[in-house]
Amino acid sequence: MLLGFSSYAAAGWELYDDFEQGTIDSQKWIKDESCGTISVENGKAKFAHASGHPNDSLYLIFSSNTSNISGIKATITVASCTGDVRTRIAGYSGMIDENYLWTGIQFEPLTRRIYNSIAVEGPPPTYEGLYQLHYSEYRNPIQIVGQTFESQILFSDDGVSFEANSLGKMTYKFSDEVSATDYFFRAIGTRSTEGQGPCVVYFDNVYVYVP
Amino acid sequence: MLHESLSRKKMKKFNIFLYAISFLLVLACNTFAGWELYDDFNSGSSFETDKWSLDTSSANISIENGEAKFVHLPGRPNDSSWLILVKNPKNIVGIRAKVRVQSYVGDVRGRIAGYVGKIGENSIWSAVRVRPSRGRAETYASILAPNDVYLNDLFFGTFKYNYGQPANILNKTYILEWYFSPADIAAKTYDQGEIIFEYEDPVSPSESSFKGLGTRSIELDGACTVYFDDVYVYRKRTSPATNLLLLGNS
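The shown structure was predicted, so the numbers you read here are calculated from the model rather than taken from an experiment.

This part covers the overall build of chain A. Looking only at helices and strands, one finds 1 helix and 15 strands in chain A. The C-alpha radius of gyration computed for chain A amounts to 16 Å, which stays within 12% of the reference 17 Å derived for 211 residues, consistent with globular compactness. Looking at chain A residue by residue over its 211 residues, the buried ones come to 46%. Once local pairs closer than 6 in sequence are excluded, the contacts in chain A between residues at least 24 apart make up 66%.

The structure is reproduced here in C-alpha cells:
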C-alpha cells in the first residue's frame, strides 16, 4: 500500500495557480472573505485574517474541475499571527455511507503544532460533527511564524496521506468502506475558533493532483 | 557411461527442481509469511522464561484463562510494568496482540512498545496503545537522548474517538499491530484503520532490542486491569539471495 501511495504521489500533479497574474483568478477560485481579505502580493495569495470572527474561515475555494481533484499541494508561509488562527488545506475527501470526511492539514502558531485530521460529518444541511476518524501531529513544538512549508494532502478510497516538508509523511488507511464524495468543497485558507487574530499568511504554487 | 549420463541428467533436473521450489518458498515467505505466533498463554499458569522477562514494578502480572493479565497498581506515577520479549528480540520488527481493558481508574494505558531505531545518537521509542480514559487507541514515536531523556515526539496519532464524552471501551478487544523499519513505523487496529509515519531523517538500527507489552500511568493512577493475548511477532528475514546461497551450499 505504501508503494501504491508513493507511485500515486509521483505523477499527476498539475500547477493550479502560482498567482503570477497579479489578481485572484475568478475562473479558478471563489473567495470567501467573511473574516478578512484575500489579495495577491508579489506573486503570492495573501490572506489577512481579522480578529473578532469566531468559528469563521477565510477561504480560497477551488472552482475549476473540483470533482477531479484528489490531492492539493501548496507552499505556505505564516508571516505573522496572533491568537488561535490556523492555516490549512482542507476539504471533503470521501464518504462513509451518507457521512462526509472533512480532511485537512493545519498549521497552528499558537500551539506551535502542525496537525492532520479526518472528521466524520453528518449529511447536509448541517454537516454535524459526528466523530474524529483520525488525528495526528508532527514533531512539536515547532516554529511556524516566519517559516515556509511545502505541504500536501492526497486522498483516495484507500486512505489519506499528509505531508509537511522535513517533518515526515503521515498516512491514514481506512478500515471502513469509503466512497468518493459527492460534495467537492476543497479550499486553502485560515480559521479561528475563538475569534482571535490578526494573522497574515501567504499561499503560493498551488498544485492539484488529478488522477 | 550411459548410466552416469542419465544420473547426471537426473541430478540436473533435480537441482533445477530444488532451485525452483526454493525460489517459490522464498517468494512465498517474503510475500505472505513473517508473522509467527509467539505466545497464546495456553501453556500453563506461569510465563515461559525463554519467551518473557517480567517487570512487575507497578503491576501484578499473571496468566488467567489463557490470557496475560496485568493489574496495574495505584500510586506508581511514571512507572511501567512489562512482559519483555526475550526470545531473539533483536530480529523482531513487528508485534501483534489482542489488548482488552477490563477496568481502569485514571489514565493508565495498555501498550505494545519498544525501541525502533536511532536518529543520530538519539533513540526512537515507539508504541501503540489503548487509552481507556480517552476512549481510543493511539500511537506515537518519541526521540530520546542517549541517557533516555525525552526530547520530543516525532509524531503522535489517534484512531477513532468521540467528541466530548469518551467512548466506553471497557472489554472491547483491540487487535493492535505495530511494525517498524528504517523507513517507517506502522500501527494498526483491525477495525479502526492504520497509521503510517514515514521518516524524513535517516534512521539506523537501535542498539537496544527492548520490546514489550505492558501498562503505564503518568499520574498516581490505578488500579487498571488489562489483558493481552495471542501475541504474534514479525521477524526480519534473511534476503532471498542469502537463502538460495545457504540452500546451494547445503
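Let's shift gears to the overall build of chain B. If you tally the helices and strands in chain B, you get 2 helices and 16 strands. For chain B, buried positions account for 37% of its 250 residues. Nonlocal contacts in chain B, meaning residues at least 24 apart in sequence, comprise 68% of its contacts between residues at least 6 apart.

General note: in soluble globular proteins, nonpolar side chains tend to be found buried as a group. Core analysis: the largest hydrophobic core is formed by 109 residues, its most contacted members being Ile112 and Ala141 of chain B. Sequence-distant contacts of Ala141 of chain B, defined by excluding residues within four places in its chain, comprise Val116, Ile124, Trp125, Ser126, Leu154, Phe155, Ile185 and Phe197 of chain B.

Here we take up the interface of chain A and chain B. Taken together, the contacts link 22 residues of chain A with 23 residues of chain B. Looking at the side of chain A that touches chain B, the elements with two or more residues in it are strand E10 (129–140) and strand E13 (168–173) of chain A. Broken down by element, the residue count for the side of chain A that touches chain B peaks at 11 residues, all from E10 of chain A. Broken down by class, the residue content of the side of chain A that touches chain B amounts to 9 nonpolar, 9 polar and 4 charged. Direction of pairing for E10 of chain A relative to strand E10 (residues 150–158) of chain B: antiparallel, over a ladder of 5 bridges. For Glu137 of chain A, the partnering residue across the bridge sits in E10 of chain B and is Phe156 of chain B.

All names here are of chain B. Bridge count between strand E9 (residues 136–144) and E10: 7 bridges; the pairing is antiparallel. By the bridge assignment for E10, Leu144 is matched with Tyr150. Taken together, E9 and the strand that follows it, E10, pair antiparallel across an intervening segment of 5 residues, in which Asp148 is found at a positive phi of about 70°.

On to unusual backbone geometry. Among all residues except glycine, the phi angle is most often negative; among peptide bonds, the trans geometry is most common. Backbone torsion omega between Pro124 of chain A and Pro125 of chain A reads 10°, so that peptide bond is classified as cis. Relative to the helices and strands, Pro125 of chain A resides in the loop between strand E9 (113–121) and E10. Its identity is not glycine, yet Asp97 of chain A carries a phi of approximately 55°, on the positive side. Along the chain, the position of Asp97 of chain A falls in the loop between strand E7 (86–96) and strand E8 (99–108). Residue Phe41 of chain B is not a glycine yet carries a positive backbone phi of 60°. On the secondary structure map, Phe41 of chain B appears in the loop between strand E1 (35–39) and strand E2 (52–55).

Let's shift gears to the confidence of the model for chain A. Per-residue pLDDT for chain A averages 94, and the proportion of residues at 70 or more is 95%. Here residues 1–10 of chain A is modelled with pLDDT under 50, and outside its nearest four sequence neighbours on either side it reaches 9 contacts, counting other chains as well.

Let us now look at the confidence of the model for chain B. Low pLDDT marks regions whose predicted coordinates should not be analysed in detail. Residues and elements named next belong to chain B. Taken over all residues, the pLDDT of chain B has a mean of 87, while the share at 70 or more is 82%. The low-confidence segment residues 21–32, where pLDDT is below 50, has 9 contacts with residues more than four positions distant or belonging to other chains. Per-residue pLDDT stays below 50 along residues 240–250; that stretch engages in 7 contacts with residues further than four places along the chain or on separate chains. ipTM for the predicted complex: 0.93, alongside a pTM of 0.88.

All names here are of chain B. Position of Gly214 relative to the elements: it lies in strand E15 (residues 211–217). For Gly214, a count of 26 C-beta atoms within 10 Å gives the class buried. When the C-alpha atoms of Gly214 and Ile63 are compared, they prove to be 14 Å apart, with 151 residues separating the residues in sequence. Every residue in contact with Gly214, bar those within four places of it in the chain, is listed here: Phe70, Ser80, Ser81, Trp82, Leu83 and Arg111.

Mapped onto the elements of the fold, Gly159 of chain A is located in strand E12 (residues 159–164). Remark: the alpha-carbon pair of Gly159 of chain A and Gly94 of chain A, spanning 65 residues in sequence, is separated by 9.4 Å.

So, how was this worked out
Residues numbered from 1 in each chain as written. Chains lettered and ligands numbered in written order. Predicted model: local features only at pLDDT ≥ 70, side-chain atom pairs only at ≥ 80, totals over all residues. Helix = DSSP H or I, 4+ residues; strand = E, 2+ residues; numbered from the N terminus. Rg over C-alpha atoms; globule rule 2.2 N^0.38 Å. Buried ≥ 20, exposed ≤ 12 C-beta atoms within 10 Å, placed from the backbone. Contact = placed C-beta atoms within 7 Å. Core = buried A, V, L, I, M, F, W, Y, C linked by C-beta atoms within 7 Å. Nonpolar A, V, L, I, M, F, W, Y, C, P; charged D, E, K, R; others polar. Pairing = 2+ DSSP bridges. pLDDT = per-residue confidence, 0-100.

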